[in-house]
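Here is how the chains run, residue by residue.
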Amino acid sequence: MTTVTEQQKILKIENLHASIKEKKILNGINLEIKPGEVHAIMGQNGCGKSTLSYVLAGHPKYKVEQGSIQLGDKNILDLKPFERSKEGIFLAFQYPLEIQGLSFSQFLFSSLKARNQNFTPQEFTKELKLALEKVGKDTSFTSRQLNVGFSGGEKKRAELLQLLMLKPDVAI
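The paragraphs below set out a description of the structure included in this document. (Residues numbered from 1 in each chain as written. Predicted model: local features only at pLDDT ≥ 70, side-chain atom pairs only at ≥ 80, totals over all residues. Heavy atoms only, no water.)

Structural notes on the environment of leucine 16
Link 1 in the chain: Residue position: leucine 16 is located in strand 1 (residues 11-20).
Link 2 in the chain: Leucine 16 gets classed as buried once you look at its relative accessible area, which sits at 0%.
Link 3 in the chain: In this structure the C-alpha to C-alpha distance between leucine 16 and glycine 67, which are 51 residues apart in sequence, comes to 4.2 Å.
Link 4 in the chain: Residues in contact with leucine 16, not counting those within four places in the same chain, are Leu26, Asn27, Gly28, Ile29, Leu52, Val55, Val64, Gln66, Gly67 and Ile69. (Helix = DSSP H or I, 4+ residues; strand = E, 2+ residues; numbered from the N terminus. Buried < 20%, exposed > 50% of the residue type's maximum accessible area, 1.4 Å probe, protein only. Contact = heavy atoms within 4.5 Å.)

Structural data, given as structure tokens:
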């Protein structure tokens, strides 16, 4: 029998209790995700799926009352959302925001640069070309403003492109 060490654990949630606007939503969630595992959380509307996602990402409207969230060997509860992102948490959106004036490629490059200061424009161009091929788009897709005028399918492809480029440890 193989034992998984703490280093091998990607995400571990223990006894997580959280609320929003004084309404308790999560009541003692426990979850452990190891490398290579995929978990699907399902349930009826209002059971806490989105709340768990937002709590993991560090949304400021949600209050964690008890429990812990470990990413690797680090407790991320005290980290701000952008710090959690730098640590490897990615939250995909059901309805991504449109951001006028920000090109998709600028957004991607800035996001990658935040995770890896040594990332060069040449590396970006090379990786972007490969990722665009995988999602069936060309460079004109990333020259557009972020999600502005994107169809539903294009928004999903944009989320997939972000995943391919950012290579997060945990995607929600």
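Let's talk about helix 6 (residues 152-166)
Link 1 in the chain: Along its 15 residues, helix 6 runs 21 Å from first to last C-alpha, staying within 8% of the 21 Å computed at 1.5 Å per residue.
Link 2 in the chain: Of the residues making up helix 6, those classed as buried are Glu154, Lys155, Ala158, Glu159, Leu161, Gln162, Met165 and Leu166. Around the axis of helix 6, the buried residues are gathered within 160° of arc, so they sit on the same side.
Link 3 in the chain: If you follow the buried residues of helix 6, they end up packed against strand 5 (89-90), helix 3 (104-115), helix 4 (121-135) and helix 5 (139-143).
Link 4 in the chain: Directly beyond the C-terminal end of helix 6, a positive phi value near 45° is found at lysine 167. (Expected span 1.5 Å × (residues − 1). Arc of directions from axis to C-beta.)

Re the packing of helix 4 against helix 6
Link 1 in the chain: Where helix 4 meets helix 6, the axes come as close as 9 Å, and the angle between the chain directions of the two elements is 135°. The angle between helix 4 and helix 6 places the two elements in the oblique class. With respect to the hand of their crossing, helix 4 and helix 6 are arranged in right-handed fashion. Together, Phe124, Glu127, Leu128, Ala131, Leu132, Lys134 and Val135 of helix 4 and Arg157, Leu160, Leu161, Leu164 and Met165 of helix 6 make up the contact between the two elements. (Axes fitted to C-alpha atoms, helices over the stretch in contact; angles between N-to-C directions. Parallel < 35°, antiparallel > 145°, perpendicular 65-115°, else oblique. Left-handed = near helix turned anticlockwise from the far one by under 90°.)

Things to note about the nonpolar core
Link 1 in the chain: Among the nonpolar cores identified, the biggest contains 18 residues, and Leu11, Ile13, Leu16, Leu26, Val55 and Ile69 are the most heavily contacted of them.
Link 2 in the chain: Secondary-structure elements contributing two or more residues to this core are strand 1, strand 2 (23-33), helix 1 (49-57) and strand 3 (62-71).
Link 3 in the chain: By residue number, the principal contributor to this core is strand 1, which donates five residues.
Link 4 in the chain: Membership of the second largest hydrophobic core comes to 17 residues, among which are Phe90, Phe104, Leu128 and Ala131. (Core = buried A, V, L, I, M, F, W, Y, C linked by side-chain atoms within 4.5 Å.)

A word on the pattern of salt bridges
Link 1 in the chain: Counted according to the given criterion, the structure contains seven salt bridges.
Link 2 in the chain: For lysine 12, the salt bridge identified is with glutamate 14, shortest N-O distance 3.5 Å.
Link 3 in the chain: Taking the shortest distance from any N to any O, the salt bridge between glutamate 87 and lysine 74 comes out at 3.0 Å. A residue pair is termed long-range when its members are at least 10 positions apart, and glutamate 87 in helix 2 (residues 81-87) and lysine 74 in strand 4 (residues 74-75) qualify at 13 residues.
Link 4 in the chain: Glutamate 87 gets classed as partly exposed once you look at its relative accessible area, which sits at 30%. (Salt bridge = Lys/Arg side-chain N within 4 Å of Asp/Glu carboxyl O.)

Here we look at the side chain of serine 19
Link 1 in the chain: With respect to the helices, strands and loops of the structure, serine 19 is situated in strand 1.
Link 2 in the chain: A distance of 2.6 Å separates polar atoms of two side chains, one belonging to serine 19 and the other to glutamate 65.
Link 3 in the chain: Not counting residues within four places of it along the chain, the set of residues in contact with serine 19 comprises Lys24, Ile25, Lys61, Tyr62, Lys63 and Glu65. (Polar contact = N/O pair within 3.5 Å; in protein donor to acceptor, adjacent residues only side chain to side chain.)

So, the environment of phenylalanine 109
Link 1 in the chain: By secondary structure assignment, the location of phenylalanine 109 is in helix 3.
Link 2 in the chain: Through-space distance from the C-alpha of phenylalanine 109 to that of phenylalanine 119 is 8.7 Å; in sequence the pair is 10 residues apart.
Link 3 in the chain: Once residues lying within four places of it in the same chain are set aside, the contact partners of phenylalanine 109 are Phe119, Thr120, Pro121 and Phe124.

A closer look at the sheet that holds strand 4
Link 1 in the chain: Pairing is antiparallel across the open sheet formed by four strands, whose spatial order is 2-1-3-4. Since the sheet does not close on itself, it has two edges, and those belong to strand 2 and strand 4, each with one partner. (Pairing = 2+ DSSP bridges.)

As for the packing of helix 3 against helix 4
What describes two packed helices is the angle between their axes and the distance between those same axes.
Link 1 in the chain: At a minimum axis separation of 11 Å, helix 3 and helix 4 run at an interaxial angle of 120°. One finds that helix 3 runs oblique with respect to helix 4. In this structure, helix 3 crosses over helix 4, and the sense of that crossing is right-handed. Every residue of helix 4 that contacts helix 3 at Ser105, Leu108, Phe109 and Leu112 is listed here: Pro121, Phe124 and Leu128.

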